[in-house]
Amino acid sequence: MQIHVENLTKRYGKTIAVNDFSATFEEGKLIALLGPSGCGKSTMLYMLAGIAPVTSGKILFDGTDVTYLPPEKRNVGLVFQNYALYPHMSVLANICFPLEIAKVTKKERLERAGELAKLVHIEDLMDRKPNQLSGGQQQRVAIARALAKRPSFLLLDEPLSNLDARLRLEMREEIRRIQKDTGVTTIFVTHDQEEAMSISDSVILMKDGVLQQYASPQELYDEPINSFAADFLGNPPINKISGTIDKGKFIPEGTELAIDVLKADQSEGTHVTLALRAESLMVNHKSPKSFPALVDNLFVMGKEEIVALRIGDTLLRGYIDASHKIKIGDEVPVSLRSRGVFLFDSHSGVRLQ
Amino acid sequence: MTKSPLKSLGEALLYLSPFLLGVIIFSLYPVANVFLISFKEGYRMATGAFQQYGLGNYTRVLADKDFILALKNTGLYVLFVVPISTALAILFAALLNQKIRFTGLFQTAYFLPMVTSGTAVGLAWKWMYNYDYGIFNYLLSLIGVSPINFLNDVRYGLLSLIIFGIWSMLPFTIILLLAGMQNIDPLYYTAAKVDGAKTTKTFFRITVPLLAPTIGLVLIINMINAFKVCSELFPLFNGKPGVAYSLYTVVFYIYDEFFLNRQLATAGAAAVILFFIVFVLTMVQLFIQRKWKHY
Ligand SMILES: Nc1ncnc2c1ncn2[C@@H]1O[C@H](COP(=O)(O)OP(=O)(O)O)[C@@H](O)[C@H]1O
Ligand SMILES: [Mg+2]
């Protein structure tokens, strides 16, 4: 099913949890709702599920207005952040509960539960109580319960945040697989950019209740719409240098350097932020546009070697070839690739280039 | 700095000593004494003299038809009052737990009996049960039932006592259950809502099972209290165990045996029998509840 929301707003007293949110969630896609904690992601899901009443705006499922429909009439599956499995019911009873409410016959219920157990790989756990399950197993049960009624779409609220690092990787593949197998339109909330980038078809980036950017993971990374988006995505975090524009060049704060990065004319004297992805720095690489930087530190992170460079008071991180011959304290030339280099207005965060 | 366990135990006992002393003097010693005296045959209260240790007091009590009547009345009282009042309390607690208007008003209404003197309440009930002017007979007359002599007819005495008993047990039970309900994570209700469950379904499938530990506790407390039924009789029946002594309860029997008949040893035997019954039933309940326990 396709979901369309229009100018959706939710207020809690003075707090605006979701602010004038409009978007379309395409059928059969896995969409990540990404943003820092408190930016209104859960509220958004709860409004879609019908648990949180909408303050203003519209929700349409396949063109039908469901804004004021109660949750049981919307046919959504919701997986809560801490799963909310009924502690007094077995795994089987938990999965069957929504079907029992829907007055499905016992035989069909058991059949459906069997199918779901197979889908999420919990066949051996059906008689256990939730407190006898690990976090990952509870997660699987919660997904099975949410899918029991063959919902038109599946909502997952931070499904991986309660799991340890290893399990998180495993479960995110699982969620992807389950979504592919069932083809159900899925919206999944996360504050972890890597999670969002790795499994979703598209990502909605939110901040303070406002939609910032809705794009594919790659596009979000390559073409951030503002400095918040550039900041939020990527690991290591994007490098940022504050400065001003003078005679068509970028002048980093507190330096005499003039870096030639502008692709188009920018108004002189504006305070801007140059944002550089680590992989966009070519360290110890001389070119007509290269600029000097001081090697501040060198360290090995996993299989890569990372160099910390100093320009004025700003530290930048870049990757460097393992066969390098530079030492801490050297001055090295740095060139920039054309990808992963952005210019933002320091004040508004709007992207200039 | 860590203290030796023995030393810290000593210190703890020192702090607890005023309380422990009170418990020993006013609780443990009398209980042990009652137990001992119940086995002393031919015991004389004035001198403390007795013939020998034996089961004589027990055989005497068990042969007393008043005691058998008391056992029967008490048993029936417990059998009706405990389940009915607990069930009603669950219902009221669930209603009180809703976010409705005037919650404060309702809560006051339900808890009022707890802060009112039992005798005053009893007298009010006596008035409500009144043959000529009571509200019950008035209500019955509205549906065309002829008046019932609630308090002075042997056939209705126990019923009147049971209704009053159910009512007096409610407030305390409701408080405990309400506390239990407020401990249930509201998330489960949200989940049930998403699963499509309506109020009744949610109540029976979510609230009641999650409340089971509290319900178990309440059942045991109420059962123990119901077995001790006695003071409820005083205001209703002018200090007598019902009309024509038909409503003896075990505690009333013990009371009469002691204060009226001055038979400390048989009163003690009756008390030990009551203790034994309550003890066994409590154990049975705990055992059943352990089987229920699901998480
Ligand atoms: N029930 C509520 N009552 C009041 N404020 C709320 C409630 N739920 C959420 N909020 C507020 O709305 C904002 C968004 O919350 P939420 O949607 O839970 O954020 P997220 O899931 O992105 O962490 C926060 O500022 C939060 O404090
Ligand atoms: Mg949240």
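Residues numbered from 1 in each chain as written. Chains lettered and ligands numbered in written order. Predicted model: local features only at pLDDT ≥ 70, side-chain atom pairs only at ≥ 80, totals over all residues. Heavy atoms only, no water.

Asks: Looking at this structure, I do not really get the overall build of chain A. What am I missing?
Replies: In terms of regular secondary structure, chain A is built from eight helices and 19 strands. On the principal axes, the C-alpha backbone points of chain A span a range of 75 × 45 × 30 Å. Within the span of chain A, comprising 353 residues, buried residues form 53% of the whole. Residue pairs in contact within chain A that sit at least 24 positions apart in sequence constitute 68% of those at least 6 positions apart. Summed over its atoms, the accessible surface of chain A is roughly 16,100 Å², and 49% of this surface lies on carbon and sulfur atoms. Separation between the mean location of the 42 positive side-chain charges and that of the 45 negative ones in chain A comes to 5 Å. (Helix = DSSP H or I, 4+ residues; strand = E, 2+ residues; numbered from the N terminus. Buried < 20%, exposed > 50% of the residue type's maximum accessible area, 1.4 Å probe, protein only. Contact = heavy atoms within 4.5 Å. Areas by Shrake-Rupley, 256 points an atom, 1.4 Å probe, with all protein chains shown as cover. Lys, Arg positive; Asp, Glu negative; His and termini not counted. Charge placed at Lys NZ, Arg CZ, Asp CG, Glu CD.)

Asks: Where do I start with the sheet that holds strand β15 (residues 291-301) of chain A in this structure?
Replies: Sheet strands pair via backbone hydrogen bonds, and the direction of the pair is either parallel or antiparallel. Residues and elements named next belong to chain A. Ordered in space as β14-β18-β15-β16-β17, the five strands form an open sheet in which the pairing is antiparallel. Two strands close off the open sheet at either side, each with one partner strand: β14 (281-283) and β17 (314-320). Averaged over all pairs of adjacent strands, the angle between their axes in this sheet comes to 45°, without regard to strand direction. Relative to strand β18 (residues 331-336), β15 runs antiparallel, the two being bridged by four bridges. (Pairing = 2+ DSSP bridges. Axes fitted to C-alpha atoms, helices over the stretch in contact; angles between N-to-C directions.)

Asks: Would you explain the pattern of salt bridges in this entry?
Replies: Pairing is possible between side chains that carry opposite charge, provided their charged atoms lie close to one another. Residue and element names in this part refer to chain A. Taken as a whole and assessed by the stated rule, the structure comprises 18 salt bridges over all chains. Of the charged contacts in the structure, one is a salt bridge between glutamate 223 and arginine 351, with a shortest N-O distance of 2.9 Å. Of this pair, glutamate 223 sits in the loop between α7 (217-222) and α8 (227-232) while arginine 351 sits in the segment after β19 (341-345); the two residues are 128 residues apart in sequence, bridging distant segments of the chain. A relative accessible area of 42% means that glutamate 223 is categorised as partly exposed. One network of salt bridges, in which partners are shared, links Arg140, Glu170, Glu174, Arg177 and Asp181. (Salt bridge = Lys/Arg side-chain N within 4 Å of Asp/Glu carboxyl O.)

Asks: Can you walk me through helix α11 (residues 250-260) of chain B in this structure?
Replies: An α-helix turns once per 3.6 residues; consequently, residues spaced three or four apart project the same way. Among the residues making up α11(B), those that are buried are Val250(B), Phe252(B), Tyr253(B), Ile254(B), Asp256(B) and Glu257(B). One or two steps after α11(B), the chain reaches Arg262(B), where phi turns positive at roughly 60°.

Asks: Help me understand the nonpolar core in this model?
Replies: Counting residues in hydrophobic clusters, the biggest one holds 59 residues, and the most contacted among them are Ile3(A), Val5(A), Phe21(A), Phe25(A) and Ile59(A). Take this core: its biggest share by element is six residues, from helix α9 (residues 199-227) of chain B. (Core = buried A, V, L, I, M, F, W, Y, C linked by side-chain atoms within 4.5 Å.)

Asks: Help me out: how do you make sense of the site of ligand 1 in this one?
Replies: Residues and elements named next belong to chain A. The full set of residues close to ligand 1 is Tyr12, Thr15, Ala17, Ser37, Gly38, Cys39, Gly40, Lys41, Ser42 and Thr43. One of the backbone nitrogen or oxygen atoms of cysteine 39 is found 3.2 Å away from an oxygen atom of ligand 1. In this structure, an oxygen atom belonging to ligand 1 sits 2.6 Å away from a side-chain N or O atom of serine 42. Starting from 560 Å² of accessible surface for ligand 1 in isolation, the protein chains cover 58%. At the level of elements, β2 (15-25) and α1 (41-49) are the ones that each hand at least two residues to the shell around ligand 1. Looking at which element gives the most residues to the shell around ligand 1, the answer is α1, with three residues. When the residues that make up the shell around ligand 1 are grouped by side-chain class, the tally is three nonpolar, six polar and one charged. (Near = heavy atom within 4 Å. Polar contact = N/O pair within 3.5 Å; in protein donor to acceptor, adjacent residues only side chain to side chain. Nonpolar A, V, L, I, M, F, W, Y, C, P; charged D, E, K, R; others polar.)

Asks: Please clarify how the side chain of Thr43(A) should be interpreted in this entry.
Replies: Among the secondary structure elements, Thr43(A) is positioned in helix α1. If we skip the residues at most four places from it in the chain, Thr43(A) touches Lys10(A), Tyr12(A), Ala17(A) and Val18(A).

Asks: What is the right way to read the interface of chain A and chain B from this model?
Replies: It is common to give the size of an interface as the accessible area lost on bringing the parts into contact. Between chain A and chain B, the residue contacts involve 21 residues of the former and 18 residues of the latter. Here chain A meets chain B over a buried area of about 1,900 Å², counting both sides, of which 67% is carbon and sulfur. For the salt bridge of Arg205(B) with Glu100(A), the shortest nitrogen-to-oxygen distance reads 2.3 Å. Where chain A packs against chain B, one counts seven residue pairs in polar contact (both at pLDDT 80 or more). (Buried area = accessible area lost by both parts, 1.4 Å probe.)

Asks: It is not clear to me how the packing of helix α3 (residues 65-96) of chain B against helix α7 (residues 154-182) of chain B should be interpreted in this structure. Could you clarify?
Replies: How two helices pack is summed up by the angle between their axes together with the distance between the axes. Residues and elements named next belong to chain B. Interhelical geometry of α3 versus α7 gives an angle of 40° and a closest axis separation of 6 Å. The angle between α3 and α7 places the two elements in the oblique class. Pair α3 / α7 crosses with right-handed handedness. Considered class by class, the residues forming the contact of α3 with α7 number 22 nonpolar, five polar and no charged. (Parallel < 35°, antiparallel > 145°, perpendicular 65-115°, else oblique. Left-handed = near helix turned anticlockwise from the far one by under 90°.)

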